[in-house]
Amino acid sequence: MPVSSPEVFSAEYAGACFGVSRALDLTLKTAESAKGRVFTLGPLIHNPLVTQELAKKGIRALDENDIEHLLPTDTVILRTHGITKALYTRISKRTTHIVDATCPFVKNVHTEAQAFEANGYEVVIAGEPKHPETLGIQGQVQKAFIVEDANDLPPNLIGKKVGIVAQTTQTHEMLNSIVSAAKLHASEVVVKDTICDATKKRQEATERLAQDVDCMLIIGGKNSANTTRLFEIASRYTLAFYIENPEEVSAKDFANFAKIGISAGASTPVAHIKRVRDILKNSSKNTT
Ligand code: SF4
């Protein structure tokens, strides 16, 4: 006897954010028209399935150490994180075919940091010291301090004008604590809130949905920090499954759940969510 299909709900915010969708589109369009080889500078996103799909189209990840081996006919696509001016110069000495897929929100942080410096402010970046995005911001100006913890503010800011920007994925709590600490020492503190709430929105939406379903499927690369975080959040409230490849999902395995929730990290293409939904919705046809 066929059973009824489970109800399948997607989180209000799930899957590729604006910047990642844009970078994927740009990459695919570039590959269609490029005459020579096409590389992304490092993996375009943390999703092995997407990396494989891009490799099938001839788009490969380039290691920074291999920049000097580029040919003038090669095309290099810059990731959403952005890069330093110095790295851009290294690439442009090898090829003029550079496609900048830096997220416009990250570009905005570059612009704000440059404006601070041009107006005589000491630039402070609230962010992770080794993250490529933070290093890319730092590499847009002559000098900038990267600060992850309010206690790490450099003492030479005392009495200075300080301009603060944030790595886009930081929390407001972290930014506010650094701003408060800077105000104790600096003669003036100006803050540009450059935090992007795409990650936070996906976490909050996952938390809401997980409380209302019998199980959650979290879709995305197992090397994606933001997808792993969604899995951890969902697991607090319900049975959660981490799905890297939609084809891992078998409708039969989920036929006994009445309400299934789906969420996906900011690096998961929306097509992967749709594929999982389609498989689950077919469970009644496959179950006897
Ligand atoms: S998380 Fe925000 S800043 Fe980062 S790529 Fe996505 S939209 Fe851009």
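Residues numbered from 1 in each chain as written. Predicted model: local features only at pLDDT ≥ 70, side-chain atom pairs only at ≥ 80, totals over all residues. Heavy atoms only, no water.

## Let's talk about the pattern of salt bridges
Stage number 1. One pass over the full model with this rule turns up 13 salt bridges.
Stage number 2. The salt bridge partner of Glu122 is Lys143, with a shortest N-O separation of 3.3 Å. Of this pair, Glu122 sits in strand β6 (residues 122-126) while Lys143 sits in the loop between α5 (132-138) and β7 (144-147), placing them 21 residues apart in sequence.
Stage number 3. Taking the relative accessible area as the measure of exposure, Glu122 reaches 15% and is therefore buried.
Stage number 4. When its relative accessible area of 43% is taken as the criterion, Lys143 is described as partly exposed.
Stage number 5. Between Lys160 and Glu122 there is a salt bridge, and its shortest N-O distance comes to 3.9 Å. (Salt bridge = Lys/Arg side-chain N within 4 Å of Asp/Glu carboxyl O. Helix = DSSP H or I, 4+ residues; strand = E, 2+ residues; numbered from the N terminus. Buried < 20%, exposed > 50% of the residue type's maximum accessible area, 1.4 Å probe, protein only.)

## Digging into the pairing of strand β11 (residues 239-243)
Stage number 1. Bridging between strand β10 (residues 215-219) and β11 involves five bridges; their strand directions are parallel. By the bridge assignment, Met216 is partnered in β11 with Ala240.
Stage number 2. The parallel pair β10 and β11 is bridged by helix α8 (residues 225-237), and the resulting crossover is right-handed. (Pairing = 2+ DSSP bridges. Right-handed = clockwise from strand over helix to strand, strands pointing away.)

## Let's talk about the confidence of the model for the protein
Stage number 1. Per-chain confidence: the protein averages 93 in pLDDT, with 97% of residues scoring 70 or above.
Stage number 2. Under a pLDDT of 50 for its full length, residues 284-288 has, in the predicted model, 11 contacts with residues more than four places off or in other chains. (pLDDT = per-residue confidence, 0-100. Contact = heavy atoms within 4.5 Å.)

## A word on the sheet that holds strand β12 (residues 259-264)
Stage number 1. The strand order across the open sheet built from four strands is β1-β12-β10-β11, with neighbouring strands paired in parallel fashion. In this open sheet, the two strands that pair with only one neighbour each are β1 (7-10) and β11. The sheet shows a mean angle of 25° between the axes of neighbouring strands, taken without regard to direction.
Stage number 2. Docked against the sheet, helix α7 (residues 198-210) engages β1, β10 and β12, running at close to 170° with respect to β12.
Stage number 3. Contacts between α8 and the sheet are confined to β10, β11 and β12, with β11 contributing the most and set at about 165° to the helix. (Axes fitted to C-alpha atoms, helices over the stretch in contact; angles between N-to-C directions.)

## Some words on the environment of Pro6
Stage number 1. Mapped onto the fold, Pro6 is located in the segment before β1.
Stage number 2. It is 7.4 Å that separates the C-alpha atoms of Pro6 and Leu280, two residues lying 274 residues apart in sequence.

## Quick notes on the site of the ligand
Stage number 1. In the neighbourhood of the ligand, the contacting residues comprise Cys17, Gly19, Cys103, Phe105, Thr168, Cys196 and Ala198.
Stage number 2. Judged by the proximity of its atoms to the pocket grid, the ligand belongs to the largest pocket.
Stage number 3. Tallied by class, residues from the shell around the ligand come to five nonpolar, two polar and no charged. (Near = heavy atom within 4 Å. 1 Å grid on protein atoms, 1.4 Å probe; cavity = no way out; pocket = protein on both sides within 12 Å on 5 of 7 lines; lining within 4 Å. Sits in = over half its atoms within 2 Å of the grid points. Nonpolar A, V, L, I, M, F, W, Y, C, P; charged D, E, K, R; others polar.)

## Describing the layout of surface pockets
The method is simple in principle: a probe with the dimensions of a water molecule rolls over the atoms, and the space it marks as empty is what remains.
Stage number 1. The calculated volume of the largest pocket comes to roughly 1,200 Å³.
Stage number 2. Every element with two or more residues in the lining of the largest pocket is listed here: α1 (18-33), α4 (104-118), α5, α6 (172-185), α7 and α8.
Stage number 3. Looking at the lining of the largest pocket, the element that brings in the most residues is α7, giving eight residues.
Stage number 4. Classifying every residue of the lining of the largest pocket gives 17 nonpolar, 16 polar and 11 charged. (Points joined across faces, edges and corners; volume = space filled by probe spheres on them.)

## Re the domain arrangement of the protein
Note on interface size: it is often stated as the accessible area lost on association of the parts.
Stage number 1. Considered domain by domain, the protein is made up of domain 1 (7-15 + 198-286), domain 2 (18-102) and domain 3 (105-191).
Stage number 2. Placing a centre on the C-alpha atoms of domain 2 and another on those of domain 3 gives a separation of 28 Å.
Stage number 3. At the junction of the two partners, domain 2 supplies 10 residues and domain 3 supplies 12 residues.
Stage number 4. In this assembly, domain 2 packs against domain 3 so that about 790 Å² is buried in total across both faces, 59% of it on carbon and sulfur atoms. (Domains from an automatic or database assignment. Buried area = accessible area lost by both parts, 1.4 Å probe.)

## As for the sheet that holds strand β5 (residues 97-100)
Stage number 1. Taken in spatial order, the four strands make up an open sheet running β3-β2-β4-β5, and their pairing is parallel. The open sheet has two edge strands with one neighbour each: β3 (59-62) and β5. Taken pair by pair, the neighbouring strands of this sheet meet at an average axis angle of 30°, ignoring direction.
Stage number 2. Here four bridges tie strand β4 (residues 75-78) to β5, and the two strands are oriented parallel to one another. Paired with Ile77 across the bridge in β5 is Val99.
Stage number 3. The sheet contacts of α1 involve β2 (38-41), β3, β4 and β5, and relative to β5 the element is tilted by about 155°.

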